[in-house]
Amino acid sequence: MSATVSFKVPSPRGPQPVTVSYARVGSGEPLLLLHGIGHHRQVWDPVVDILATERDVIAVDLPGFGASPGLPDELAYDLPTTSAVFGGFCEALELDRPHVAGNSLGGLIGLELGREKLVRSVTALSPAGFWTESERRYAFGVLMAMRRIARRLPLPLVQQLSRSAAGRTMLTSTIYARPARRSPEAVVAETLALAQATGFDATLRAGSTVRFTDDLPGIPVTVGWGSRDMLLVRRQGVRAKQIIPRARLVRLPGCGHCPMNDDPALVARVILDGSRVPERGR
């Protein structure tokens, strides 16, 4: 069920109002789902129903993306602010240290929430922040090109392209290994989400100096990486394992940068396994 929640986030100029849009379904321990830059919460749709059989699933539109309004001018789109936003979000929804699963930017945010001890486990799918400078420049260049294309394509053309497998491949093959599996409606919606994301530019600027360099002692961490990720190459997963030695590193065969649509059953299993904290003996 779709809803919004508003709360205050601290800033140098005093508490600032933030509104976040989310969808919630299922029952069990709470699980936050965080999408990547330029996307929206619907990217998790292929796995939500599976996860909801065992978890209280809260899929979130990050501020400035999807249906969530952008942040007030007094708040930056950086990791400390994002941690404060999700701290406030969890408090507003009375979520006591939920599990979190994130993809790309969402994976980086999930790891930051783990570092701040705001969550009880982290599953990060192709998380940002483990790149070299050249890998970061490449990824940001691709993202900016995708954004330019999404903003320039007339909606009727996007709708026409989405009706064929070849058109869906042209629009989304950078992030999906199996783009033809994405529904035409989903492709249109996520192309619009990328074009209309008010937080895109500020988030990209804030990410230009980001590297994740901290271990997460005491927090169960799973890092999953698609074998066909064309945006953040899979060797970055090896670096993540070096930085977080106790993390479980999982290969996602045949999956791209957003693996949820490429292999929903595998991704759901990885997330559920990663959030079974007692079973993993941490």
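Parameters and conventions
- Residues numbered from 1 in each chain as written.
- Predicted model: local features only at pLDDT ≥ 70, side-chain atom pairs only at ≥ 80, totals over all residues.
- Heavy atoms only, no water.
- Helix = DSSP H or I, 4+ residues; strand = E, 2+ residues; numbered from the N terminus.
- Rg over C-alpha atoms; globule rule 2.2 N^0.38 Å.
- Contact = heavy atoms within 4.5 Å.
- Areas by Shrake-Rupley, 256 points an atom, 1.4 Å probe, with all protein chains shown as cover.
- Lys, Arg positive; Asp, Glu negative; His and termini not counted.
- Charge placed at Lys NZ, Arg CZ, Asp CG, Glu CD.
- Buried < 20%, exposed > 50% of the residue type's maximum accessible area, 1.4 Å probe, protein only.
- Pairing = 2+ DSSP bridges.
- Right-handed = clockwise from strand over helix to strand, strands pointing away.
- Arc of directions from axis to C-beta.
- Axes fitted to C-alpha atoms, helices over the stretch in contact; angles between N-to-C directions.
- Parallel < 35°, antiparallel > 145°, perpendicular 65-115°, else oblique.
- Nonpolar A, V, L, I, M, F, W, Y, C, P; charged D, E, K, R; others polar.
- Salt bridge = Lys/Arg side-chain N within 4 Å of Asp/Glu carboxyl O.
- Polar contact = N/O pair within 3.5 Å; in protein donor to acceptor, adjacent residues only side chain to side chain.

Moving on to the overall build of the chain. Of the regular secondary structure elements, the chain holds eleven helices and eight strands. Relative to its length of 282 residues, the chain is compact, with a C-alpha radius of gyration of 17 Å against a globular reference of 19 Å. Principal-axis analysis of the C-alpha atoms gives the chain an extent of 45 × 45 × 40 Å. Sequence separation of 24 or more characterises 72% of the internal contacts of the chain that already satisfy a separation of 6 or more. In the form shown here, the chain has an accessible surface area of approximately 11,800 Å², with 54% of it arising from carbon and sulfur atoms. The averaged location of the 26 negative side-chain charges in the chain is 7 Å from the averaged location of its 34 positive side-chain charges.

The next thing to look at is the pairing of strand β5 (residues 99–103). Most of β5 sits out of view: five of its five residues are buried. Neither face of β5 is exposed, since His99, Ala101 and Asn103 on one face and Val100 and Gly102 on the opposite face are all buried. In the sheet, β5 pairs with strand β6 (residues 121–125) via five bridges, with the strands oriented parallel. When the bridges of β6 are listed, His99 appears paired with Ser121. Handedness of the crossover is the feature at issue here: the chain leaves β5, passes through helix α3 (residues 105–115), returns alongside β6, and the resulting connection is right-handed.

Bringing helix α8 (residues 200–207) into the picture now. Of all the positions in α8, only Phe200, Thr203, Leu204 and Gly207 are classed as buried. Along the axis of α8, the buried positions cluster into a sector of 100°, meaning they face one direction only. As for α8, its buried residues are in contact with α3, α4 (133–152) and α7 (184–196).

Bringing the packing of helix α2 (residues 79–92) against α3 into the picture now. Contact geometry of α2 with α3 gives a least axis separation of 10 Å together with a crossing angle of 75°. Taken together, the axes of α2 and α3 are roughly perpendicular relative to one another. Mapping the contact onto sequence places Leu79, Thr82, Ser83 and Phe86 in α2 and Leu108, Ile109, Glu112 and Leu113 in α3. Residue composition of the contact of α2 with α3, grouped by class: five nonpolar, two polar and one charged.

Let's shift gears to the environment of Gly199. Position of Gly199 relative to the elements: it lies in the loop between α7 and α8. Put simply, Gly199 and Pro10 are 189 residues apart on the chain and 19 Å apart in space, counted from C-alpha to C-alpha. Ignoring anything within four residues of it in the chain, the contact list for Gly199 reads Gly64, Phe65 and Tyr77.

Time to look at the side chain of Arg55. Here Arg55 shows up in strand β4 (residues 55–60). Look at Arg55: it is buried, it has no salt bridge, and the nearest opposite charge is Glu54 at 4.4 Å. A polar side-chain atom of Arg55 sits 3.1 Å from a polar atom in the side chain of Ser275. Apart from the residues within four sequence positions on either side, Arg55 is in contact with Val25, Gly26, Ser27, Gly28, Glu29, Leu31, His99, Leu272, Ser275 and Arg276.

Next up on the list: the packing of α4 against α8. Relative to each other, α4 and α8 sit at 175°, their axes nearing to 12 Å. In terms of orientation, α4 and α8 fall into the roughly antiparallel class. Where α4 abuts α8, its residues Arg136, Phe140, Leu143, Met144 and Arg147 lie against Phe200, Asp201, Leu204 and Gly207. A class-by-class count of the residues in the contact of α4 with α8 yields five nonpolar, one polar and three charged.

What follows deals with the environment of Ile50. Tracing the backbone shows Ile50 in helix α1 (residues 45–51). Ile50 sits 138 residues away from Val188 along the chain, and the two C-alpha atoms are 24 Å apart. Apart from residues no more than four positions distant in its own chain, Ile50 is found in contact with Pro264, Ala265 and Ala268.

Below, the discussion takes up the sheet that holds β4. What the eight strands build is an open sheet, ordered β1-β2-β4-β3-β5-β6-β7-β8; its pairing is mixed. Where the open sheet ends on each side, the last strands, each with one partner, are β1 (2–9) and β8 (248–252). Within this sheet the neighbouring strands show an average axis-to-axis angle of 25°, counted without direction. Examined bridge by bridge, strand β2 (residues 16–26) and β4 share five bridges and lie antiparallel to one another. Among the inter-strand pairings, Gly26 is bridged to a residue of β4, identified as Asp56.

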